[in-house]
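Here is how the chains run, residue by residue.
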Amino acid sequence: MSHKIIVPIGPYHPLQEEPEYFQLYVDGEKVVDLDIIIGYNHRGIEKLSESKHFDQIPYLVERICGICSSSHPYAYCLAVENILGTEAMLVPERALYIRTIIDELQRIHSHLLWLGLAGHFIGYNTVWMWAWKYREPVLDCFEMVTGNRNNYAMFKVGGVRRDIKDEDIPILKKMLDDLIPAADLFRGAIMDDPVIKSRLKDVGLLTRQQAIDWCVVGPTARASGVNIDIRRDEPYGAIDRLDWKVILEKEGDIFCKTVVRILELYESISIIRQSLDKLPKNAPIDAEVKDIPGGEGIGRVEAPRGECFHYIKSDGTNRPIRHKIRSPSFMNVASDKVSAVGGTISDATLTLAAVDPCYCCTERVAVINKVDNRKVMNGWDLIKLCQEKTLKLKATLSES
Amino acid sequence: MRRPKLRELKEAVRALFSPAYTNDFPRKPHKPFERFRGRPYFHEEDCTGCGACAQVCPAKAIEVNDEIKGASAKRKLTVHWDTCIFCGQCEANCLTSKGITLSQEFDFATTEKREDLKQTIEKEFVMCECCGEPIVPQDQYAWVVKKIGLFSFTNASLLLFYLRSVGLALKEKMTPGDKSAVINRSTRLKILCPRCRREAVLKS
Ligand code: SF4
Ligand code: SF4
């Protein structure tokens, strides 16, 4: 047998948002092949959704993922609005801006979360603490505006459920102002630090062609130079009236993925600022939608991890007869097959985490050595392996 | 390499001399924001017992049980906090918009069983004076009468209910569940369920 050792990672742990099971085939330190087995978290949401009526489904789909919990209801609402016409036709102006604000706030908190985790995996626990500390005001703003830190219950077909009050706007603006120095800090800390740079550069490489071949989406694709962003390609909400740009990097390694996410923080901050300024005053926030006619509709939203896709088929009753969901990580996780292979085990953790499936909190890791010799390690060991490499790098860098 | 470190050093020093960022939760109570969505509570005086909240609840956390006991019937409305997802649909769709409201409570830690995490209220039914079937909760009748005002004079059941509640008409002795009661012209001046009302109108 050419594959000497198999390192299985997974399948699940309550902290992971999407339980996955990876089998690393390693030859010494080198990862020679990778098997990805998913489906551990099948909750039958698509089927369940067919038993709820159109007004209840947003609450269901926002629980698909606690971190992109505005992207899923948003994509769902767009799909239903697609049956009725278009979002711009149906939804009042103010609601469009509120939708955009919530969507971008969510991107900020999701990117900060990922940044913290990435810092933790490479052994920079300070980055972890700081990123999560600066994420907290964002969540507080969510709680203030929507009533909860996650699962915002904001979206409904035809508008939004809660309004942003006038007295919230200065608080939101202040939070954004305070976030800029934090983003500067992270940009400096990650881009100038020689250790982080050499730790992340050329690790988990995904070339442009590979990114296209494996159909990756979102920041993972943009870090490889694939110029896609649903917000620009198929604008929704008020995003096409605002001034922002798509962040692109070329190399496709983890460093680029980090840079893309950090720079997207600035774009999101600027989008929210512009939306808050342009928010129409004293306008309605939802349009009354009485019946959903028969038909099909799709909705696409740029979630923090990439394109989130919903398909709704209605037969004119108050429940959909088919609801199909494709979340971004489903596309991105597959690309690990090319980006992790060829690297070392200590890089694998980071590479798998770089597409942001939050898998690394995995608790049970087993190292299988031949068939009869099975050694089970704690999931922490894998992270430790990853952190040790950073320490080694630090030592060599300070010598030179 | 050294210069950028200064910037992070500044943050580190600031963190060192500022109080802990986390708070002392169980010892110091946490106050959520004003619009926080927490544990929903029924308010007995404002709830009419219509059951609309149970129908819109996406998590099926509100249970409606109609209990018929002889001549009277009660509707039991229960909100189960262990299955509630704090979405606010019930509050937004409540008939009176005050019957159930979300509070700011978020701490559900309990030593009781999770099935005990609930609140139940009871509502007395208006009974059909012909067949003895429950029609709607009394409070909902009262709410409708109040809402439509003078128009309730167009409906014998509503009118009678109103007159009795202000003491202008006598309470009728009821024969519960008496399916054999004769329906004739005079039956029309009773509180009737829709089925008996149709029959009475047809026969008279
Ligand atoms: S808050 Fe939502 S889940 Fe809870 S009882 Fe009300 S409608 Fe049901
Ligand atoms: S009045 Fe409100 S709280 Fe009471 S049953 Fe009707 S909808 Fe529910």
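What comes next concerns the included structure.

About the thresholds
Residues numbered from 1 in each chain as written. Chains lettered and ligands numbered in written order. Predicted model: local features only at pLDDT ≥ 70, side-chain atom pairs only at ≥ 80, totals over all residues. Heavy atoms only, no water. Near = heavy atom within 4 Å. Nonpolar A, V, L, I, M, F, W, Y, C, P; charged D, E, K, R; others polar. Contact = heavy atoms within 4.5 Å. Buried area = accessible area lost by both parts, 1.4 Å probe. Salt bridge = Lys/Arg side-chain N within 4 Å of Asp/Glu carboxyl O. Polar contact = N/O pair within 3.5 Å; in protein donor to acceptor, adjacent residues only side chain to side chain. Helix = DSSP H or I, 4+ residues; strand = E, 2+ residues; numbered from the N terminus. Axes fitted to C-alpha atoms, helices over the stretch in contact; angles between N-to-C directions. Parallel < 35°, antiparallel > 145°, perpendicular 65-115°, else oblique. Core = buried A, V, L, I, M, F, W, Y, C linked by side-chain atoms within 4.5 Å. Buried < 20%, exposed > 50% of the residue type's maximum accessible area, 1.4 Å probe, protein only. Pairing = 2+ DSSP bridges.

For ligand 2, the full set of nearby residues is F42(B), C47(B), T48(B), G49(B), C50(B), G51(B), A52(B), C53(B), C94(B), L95(B), G99(B) and I100(B). Class assignment of the residues belonging to the shell around ligand 2 gives a composition of eight nonpolar, four polar and no charged.

Moving on: the interface of chain B and chain A. Listed as interface residues are 23 residues of chain B and, on the opposing side, 32 residues of chain A. For the pair chain B and chain A, the two sides together bury roughly 2400 Å², of which 49% comes from carbon and sulfur. On the chain B side of the interface with chain A, the three residues burying the most area are F33(B), R35(B) and R37(B), jointly 32% of the side's total. Seen at the junction of chain B and chain A, the total is one salt bridge. At the junction of chain B with chain A, the criterion picks out 17 residue pairs in polar contact (both at pLDDT 80 or more). Those elements giving two or more residues to the side of chain B that touches chain A turn out to be α1 (2-17) and α2 (52-56) of chain B. Sort the elements by how many residues they give to the side of chain B that touches chain A and α1(B) lands first, with seven residues. Here the side of chain B that touches chain A is composed, by residue class, of twelve nonpolar, three polar and eight charged.

Neighbouring ligand 1 are the residues C57(B), P58(B), I62(B), C84(B), I85(B), F86(B), C87(B), G88(B), Q89(B) and C90(B). When the residues that make up the shell around ligand 1 are grouped by side-chain class, the tally is eight nonpolar, two polar and no charged.

All names here are of chain B. At a minimum axis separation of 10 Å, helix α4 (residues 138-148) and helix α5 (residues 156-165) run at an interaxial angle of 100 degrees. The angle between α4 and α5 places the two elements in the roughly perpendicular class. Contacts from Q138, Y141, A142, V144, V145 and I148 in α4 reach S157, L158, F161 and Y162 in α5. A class-by-class count of the residues in the contact of α4 with α5 yields eight nonpolar, two polar and no charged.

Attention now moves to the nonpolar core. Formed by 99 residues in total, the largest nonpolar core has its most connected members in Y76(A), I108(A), L172(A) and F186(A). Examining the composition of this core, we find that 15 residues originate from one element, helix α5 (residues 93-121) of chain A, more than from any other. If sequence neighbours within four positions are ignored, I108(A) has contacts with V138(A), L176(A), L179(A), L265(A), S268(A), I269(A) and I272(A). Grouped together as the second largest cluster of nonpolar side chains are 19 residues, C47(B), C53(B), C90(B) and C94(B) included.

Below, the discussion takes up the sheet that holds strand β7 (residues 306-314) of chain A. Residues and elements named next belong to chain A. Reading across the sheet, the three strands line up as β6-β7-β8 and stay open at both edges, with antiparallel pairing between neighbours. Two strands in the sheet have a free side with no partner beyond their single neighbour: β6 (295-303) and β8 (320-326). Between one strand axis and the next, the sheet turns through 15 degrees on average, direction left out of account. As judged from the six bridges shared by β7 and β8, these two strands associate in the antiparallel manner. Bridged to H310 within β8 is I325. In this fold helix α3 (residues 71-84) packs onto β6, β7 and β8, with an angle of close to 150 degrees to the strand it touches most, β6.

The phi dihedral of D202(A) is positive, around 60 degrees, even though this residue is not glycine. Topologically, D202(A) is positioned in the loop between α8 (194-200) and α9 (208-213). In this structure, F86(B) is a non-glycine residue whose phi angle is positive, near 55 degrees. With respect to the helices, strands and loops of the structure, F86(B) is situated in the loop between β3 (72-80) and α3 (89-93).

Remember, this is a structural readout, not a statement about activity or role.
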